Amino acid sequence: MGRRNFAILDGPLTVDSVQVVSIDGRQVPACVCWIETDHPALGGRHQVVIYGQQAQEVIAFIRAGGGRVDATVDGWLRTVEGGTVVIADRCSFHVGGEVTTEARRLLQQGGG
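One structure accompanies this document, and this report is about it. (Residues numbered from 1 in each chain as written. Predicted model: local features only at pLDDT ≥ 70, side-chain atom pairs only at ≥ 80, totals over all residues. Heavy atoms only, no water.)

### Focus: the pairing of strand 5 (residues 83-93)
What counts is decided by this rule: What makes two strands pair is DSSP finding at least two bridges between them. In this text, helices come from DSSP runs of H or I with a minimum length of four residues, and strands from runs of E with a minimum of two, each type numbered from the N-terminal end.
Judged from the two bridges that link them, strand 3 (residues 45-51) and strand 5 form a sheet pairing that is parallel. From the neighbouring strand, Val 48 faces strand 5, where its bridge partner is Val 86. The pairing of strand 4 (residues 69-80) with strand 5 spans ten bridges and is classified as antiparallel. Paired with Val 80 across the bridge in strand 5 is Gly 83. The hairpin turn running from strand 4 into strand 5, its antiparallel successor, is two residues long, and Gly 82 in that turn takes a positive phi close to 90°.

### Brief notes about helix 1 (residues 52-64)
Spelled out, the test is: Expected span, for any helix, means 1.5 Å times one less than how many residues it has. It only takes one pair of heavy atoms within 4.5 Å for two residues to be counted as in contact.
If you check helix 1, its first and last C-alpha atoms are 19 Å apart, about what 13 residues at 1.5 Å a residue would give, namely 18 Å. Packing partners of the buried residues in helix 1 comprise strand 1 (6-23), strand 2 (26-36), strand 3, strand 4, strand 5 and helix 2 (97-108). Looking one or two places after helix 1, you find Gly 66, whose phi comes out positive at around 80°.

### A word on the environment of Leu 77
Quick note on the threshold: The buried label goes to any residue with under 20% of its type's maximum accessible area, the exposed label to any with over 50%, and the partly exposed label to all in between, with areas taken from a 1.4 Å probe on protein chains only.
Among the structural elements, Leu 77 can be located in strand 4. Assessed through its relative accessible area of 36%, Leu 77 is described here as partly exposed. In sequence terms Leu 77 and Ala 7 are 70 residues apart; their C-alpha atoms lie 6.7 Å from each other.

### Some details on the sheet that holds strand 3
Here is the rule we go by: Comment: axis = line fitted to C-alpha atoms, over the contacting stretch for helices; angle = value between 0 and 180 degrees taken between N-to-C directions.
The strand order around the closed barrel built from five strands is 1-2-3-5-4, with neighbouring strands paired in mixed fashion. Sheet twist, expressed as the mean angle between neighbouring strand axes with direction ignored, is 45°. Seen against the sheet, helix 1 touches strand 1, strand 2, strand 3, strand 4 and strand 5 and runs at an angle of roughly 45° to strand 2.

### Quick look at the packing of aromatic side chains
What counts here: Working definition: a ring pair exists when centres of Phe, Tyr or Trp rings (six-membered ring for Trp) sit within 6.5 Å. Plane angles under 30 degrees give stacked, over 60 give edge-to-face, the rest tilted. Note on geometry: a ring has a charge over it if NZ (lysine) or CZ (arginine) is within 6 Å of the ring centre and within 35 degrees of the ring normal.
For the structure on display, the rule yields one aromatic pair. Pairing Phe 61 with Phe 93 gives two aromatic rings, centres 4.2 Å apart and planes at 10°, and the pair type is stacked. Pair noted here: Phe 61 is in helix 1 and Phe 93 is in strand 5, with a separation of 32 residues, a long-range link. Each member of the pair Phe 61 and Phe 93 is classed as buried. Lying over the aromatic face of Trp 34, Arg 45 brings its terminal NZ or CZ to 4.1 Å of the ring centre.

### Regarding the pattern of salt bridges
Quick note on the threshold: Any carboxyl oxygen of Asp or Glu that lies within 4 Å of a side-chain nitrogen of Lys or Arg is treated as forming a salt bridge with it.
Evaluation of the coordinates by the stated rule reveals two salt bridges. A salt bridge links Arg 90 to Asp 74; the shortest N-O distance between them is 2.4 Å. You can see Arg 90 sitting in strand 5 and its partner Asp 74 sitting in strand 4, a full 16 residues away along the chain. Across the salt bridge formed by Arg 105 and Glu 102, the nearest N and O atoms sit 2.5 Å from each other. A residue pair is termed a helical-turn pair when its members lie 3 or 4 positions apart in one helix, as Arg 105 and Glu 102 do in helix 2 at three residues.

Put into structure tokens, the structure is as follows:
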């Protein structure tokens, strides 16, 4: 049976932690982020996990954006101990040209 638990979240995105994990025998970067879709007291703060090249891009854009960027995350829900996280399939950034240029520079330098 395929996945039927799609999630699309839109709001300010911040990185909580970055690590390297093993997936199918390969070491890949992973970042744990938070996205706010509403006031946290109203349940609008969601944990997102992003893997691989996309994790590097998220890190670069957030660094270029001064610690947070507006983004849309497309993914799926995964139940973990203590709650549910969104596993990102795709992340799109809503930023100006200066942030995009700086993020590209960071990625070219390996600073993602």
